[in-house]
Amino acid sequence: MRERLEAVLHEKVTDLLREAGDDAALPTITVEASRQKDHGDFACNAAMVLSGRLRRPPREIAAELIDRLGDAAGLVARAEIAGPGFVNVWLAGGQWHDVLDRILAAGEAYGTSDDGKGRKLQVEFVSANPTGPLSVGHGRQAILGDCVARLLLATGWDVVREYYFNNGGRQMRVLGDSVRARYLEQLGRAAVPPEDALLDSELPWPDAIDGLPVLFPRDGYQGGYIGEIAAALREREGEGWIDEPGDGGFRQEAEKRIFAEIRRTLESLGIHFDVYASENEFYAAGKIEAVLGDLRATGLVYDEGGATWLRASDLGLDRDRVIVKSSGEPTYLLPDIAYHREKFARGFECIIDVQGADHKDQGPYVKAGIQALGHDPARVEFLFHEFVTLSSDGHTVKQSTRKATYITIDELLADVGADVFRYFMIERRAQSHLDFDLDLAKEKDWTKNPAYYLQYTHARTYGIERQAVERGVTMPASADIDASRLELPEELELVKKLGEFPEMVSRAAESREPHHIAYYLREVAGLFNPYYQDKDRHEILTTDAGLTNARLGLTFAVRRVMAQGLALLGMSAPERM
RNA sequence: GCCCCGGUAGCUCAGCUGGAUAGAGCGGCUGCCUUCUAAGCAGCAAGUCGCAGGUUCGAGUCCUGCCCGGGGCGCCA
């Protein structure tokens, strides 16, 4: 609807310019939904933008534009000049009735589009290394990435959700050593330093305690899950793994078991990945070596101090980076470049990497690497999200990875459920700090919880239907719904809002900002609930069958949009609550 | 010191490519509703949009500088 008006206005503006002898390109004029009712349905700023070029006062141009606009073939009811030169347009009532018809006819396709034209796109997210349970921060990334993927799927992209983890480096060796130390501790063959030494890196680290060797690594993983994995291995292997190296079975078992837990957590959030890629696979396939060779061939690599460097400073960055340490072991950067080259080889036209704020500095170097290899770095997008803090009773809940005293997603899900968790995680835009209000999320008095407000609005449409059936009303087929029976301003306003949904989805997808959907749904709910509530002014189920059908049609359209929107957020849309 | 992200109502935050009188939820206060089963509605109080300049018809939005908060600046990942 907006687009049609915009097209007409563009045409009129073009005429206006040409007749004034101005053949230059059209300036960017906007047609947007008015914020206030007395400003009409849409407002256009063309007159003010043209004022400079035409050297005429904006209100005069606006008047001429309105004159030329006429009724725009039935589209426009009236238009007037306002403020400094806005053209405010009221659409003909029938236009809104068409919108309702289109929503109902579109069904589950409403809001979807072909913007992506089936092009291949990858969203890589979470990508936590399997060293422990997912934190709440990972949860934010999981929901953000998943919702972005849902938006892009809805707008016609061929989307692959992918999880990449580094399992080739030092981190995983420390993990294996940690499990081994706990295993031997449980068998009475090794000691672990007291807790205060574990928590304070300044305190001395003994080699032995009471004649038992201290095998626990200084920077080892301290969470209780390490002991649980060790216990499980002790049960399975008995003392058979006493001589097993930390980097062997212990590391493999820990990775396997922790990853299984991570996947289970993600499934409980409703998130499924299409591909799990690991750093080790690239080593095994020789792709790390291959990339190194190709990078060398570009001349953007040099050796210094026994290490191999990427000359990122030649690619516009502030400094060079080591890609192979003097020990001969690659840094994370090299496999990451190899991984991204693989993404290009797999034919993705758009590559989105969702990452936490602590990775903000890394992206440019990966881009530099793939640029050096001859790929277009503009196809790689980094989507960063800021950190999550938990608060309760107005105070921040302390989280410490080192002390392993952080709240995990599993714990939070047990309290609030996946739907509420998802809503709270997606409500804010990614680059804003997210304060997760535990009290509000756990709130048993559901009236206060915004996540339920959206779901209930959806459920309410079914409540209305149930009530109607009980009263013997037959649900109208689309042919029986005469939208022109909707005449009340609040009805037309609601239809207008529902009509914005497709554009809202496109924009949210394009900007990779799912939070817009959450806010939009609140607006829809905020219009429908008062409408439903105001039974003094009108009821949905009336004695006038035609009117009842029209209002049921409006109710179905609300249901449609709420259902589509909740699905984009990955939330369930219950029929009753 | 350099880079990135924030700073909008008491709190947590929206504000769409610059648009008209800056919004929502929670909290506070007032009234209504007790349902087309229900978590609802109306209204009030609450703001120097961090500060100072600049760009222009117009700036919360763009530019510059500064202040405050968070993150980063490894031969860690």
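The residue numbers shown here count from 1 along each chain, following its written sequence. Lettering for chains starts from A, numbering for ligands starts from 1, and both go in the order in which the items are written. Thresholds applied to this predicted model are a pLDDT of at least 70 for local features of residues and 80 or more for the giving and counting of side-chain atom pairs; totals over whole chains, interfaces and linings are not thresholded and use all residues. As a rule here, side-chain values cover all heavy atoms of the structure and leave hydrogens and water aside.

Draft legend 1. Broad picture of the pattern of salt bridges. Any Lys or Arg side-chain nitrogen located within 4 Å of an Asp or Glu carboxyl oxygen qualifies as a salt bridge. According to the stated counting rule, one finds 42 salt bridges in the structure shown. Note that D219 and R170 form a salt bridge whose closest N and O atoms lie 3.1 Å from each other. Taken together, the residues D219 in the loop between β8 (212-213) and α8 (224-237) and R170 in helix α6 (residues 170-186) connect sequence positions 49 residues apart. Residue classification places D219 among the partly exposed residues on the basis of a relative accessible area of 36%. The partner of R236 in a salt bridge is E253, and the shortest N-O contact between them spans 3.2 Å. A residue pair is termed long-range when its members are at least 10 positions apart, and R236 in helix α8 and E253 in helix α9 (residues 246-268) qualify at 17 residues. Note on classification: 1.4 Å probe, protein chains only; a residue is buried when its accessible area is under 20% of the maximum for its type, exposed when over 50%, partly exposed between these limits. For R236, a relative accessible area of 43% gives the class partly exposed. Judged by relative accessible area, which is 9%, E253 ranks as buried. Connected through shared salt-bridge partners, E19, R56, E60, E64 and R68 make up one network. Numbering goes from the N terminus for both helices and strands, where a helix is a DSSP run of H or I of at least four residues and a strand is a run of E of at least two.

Draft legend 2. Summary view of the confidence of the model for chain A. Scored by pLDDT, chain A comes out at a mean of 89, with 98% of its residues at no less than 70. When the elements of chain A are averaged for pLDDT, helix α7 (residues 195-199) gives the smallest value, 77, and strand β5 (residues 120-124) the largest, 97. Two summary scores accompany this predicted model of the complex, namely pTM at 0.93 and ipTM at 0.91. Scored from 0 to 100, pLDDT reflects the predictor's confidence in each residue.

Draft legend 3. Structural detail: helix α2 (residues 46-54). Among all positions of α2, only A46, A47, L50, S51 and L54 are buried. Taken down its axis, α2 places every buried residue within 140° of arc, on the same side. Two residues or fewer after α2 comes R55, characterised by a positive phi angle close to 55°. What the arc measures is the spread of directions leading from the helix axis to the C-beta atoms.

Draft legend 4. Here's a closer look at the nonpolar core. Core analysis: the largest hydrophobic core is formed by 135 residues, its most contacted members being Y163, F421 and F436. Contacts between residues were defined by any pair of non-hydrogen atoms, one from each residue, lying within 4.5 Å. Filtering out sequence-adjacent residues up to four positions away, F421 remains in contact with G139, I143, L269, I409, L412, L413, V416 and F436. With 28 residues, the next largest nonpolar core counts I288, L300, L334 and I351 among its residues. Among buried residues, the Ala, Val, Leu, Ile, Met, Phe, Trp, Tyr and Cys ones that are joined through side-chain atoms within 4.5 Å form a nonpolar core.

Draft legend 5. Broad picture of the packing of aromatic side chains. Stacked, edge-to-face and tilted labels apply to pairs of Phe, Tyr and Trp rings (six-membered ring for Trp) whose centres lie within 6.5 Å, assigned for plane angles under 30 degrees, over 60, and everything in between, in that order. Considering all chains together, one arrives at 22 aromatic pairs under this definition. Taken together through their ring pairs, the aromatic side chains of F125, Y163, F165, F259, F273 and Y276 make up a single cluster. Here, over-ring charges are defined by two tests on the NZ atom of lysine or the CZ atom of arginine: distance to the ring centre within 6 Å, and angle to the ring normal within 35 degrees. One residue, R263, lies across the ring of Y276, its end atom 4.0 Å from the ring centre. One cation-aromatic arrangement involves R522 over Y519; the distance from NZ or CZ to the ring centre is 5.6 Å.

Draft legend 6. Quick look at the environment of V148. Structurally, the position occupied by V148 is in helix α5 (residues 136-154). The class of V148 is buried, set by a relative accessible area of 1%. Once the C-alpha coordinates of V148 and V159 are considered, the two residues, 11 residues apart in sequence, prove to be 10.0 Å apart.

Draft legend 7. Main features of the domain arrangement of chain A. For the domain bounds, the source is a domain assignment made automatically or taken from a database. Domains assigned within chain A are domain 1 (2-91), domain 2 (98-111 + 445-568), domain 3 (120-166 + 272-385) and domain 4 (170-268). Here the C-alpha centre of domain 4 lies 70 Å away from the C-alpha centre of domain 1.

Draft legend 8. Representation of a negative patch on the surface in the model. Together, E195, D196, D200 and E202 line one region of the surface with negative charge. Here D200 is to be found in the loop between α7 and β7 (208-209). In this analysis, a patch consists of residues with relative accessible area above 30% that form no salt bridge, clustered at 9 Å for like charges and at 5 Å for the nonpolar side chains Val, Leu, Ile, Met, Phe, Trp and Tyr. For the accessible areas, the method is Shrake-Rupley and the probe is 1.4 Å, while residue cover comes only from the protein chains on display. Charge assignment in this entry is limited to Lys and Arg as positive and Asp and Glu as negative, and neither His nor the chain termini are counted. Charge placement uses NZ in Lys and CZ in Arg. For Asp and Glu, CG and CD serve respectively.

Draft legend 9. Here's a closer look at the packing of helix α16 (residues 450-470) against helix α20 (residues 545-568). To obtain an axis, a line is fitted to C-alpha atoms, over the contacting stretch when the element is a helix, and the angle between two such axes runs from 0 to 180 degrees between their N-to-C directions. Remark: α16 packs on α20, axes separated minimally by 9 Å, with the N-to-C direction vectors making an angle of 145°. Two packed elements cross with a definite hand, and for α16 against α20 that hand is left-handed. Contacts between α16 and α20 involve L454, Q455, T457, H458, T461, Y462, I464 and E465 from the former and L552, T555, F556, V558, R559, M562, A563 and L566 from the latter. Residue classes in the contact of α16 with α20 are distributed as nine nonpolar, five polar and two charged. The handedness criterion is simple: a crossing whose near helix is rotated anticlockwise from the far helix by less than a right angle is left-handed, and one whose near helix is rotated clockwise is right-handed. When residues are grouped by polarity, Ala, Val, Leu, Ile, Met, Phe, Trp, Tyr, Cys and Pro land in nonpolar, Asp, Glu, Lys and Arg in charged, and all others, Gly among them, in polar.

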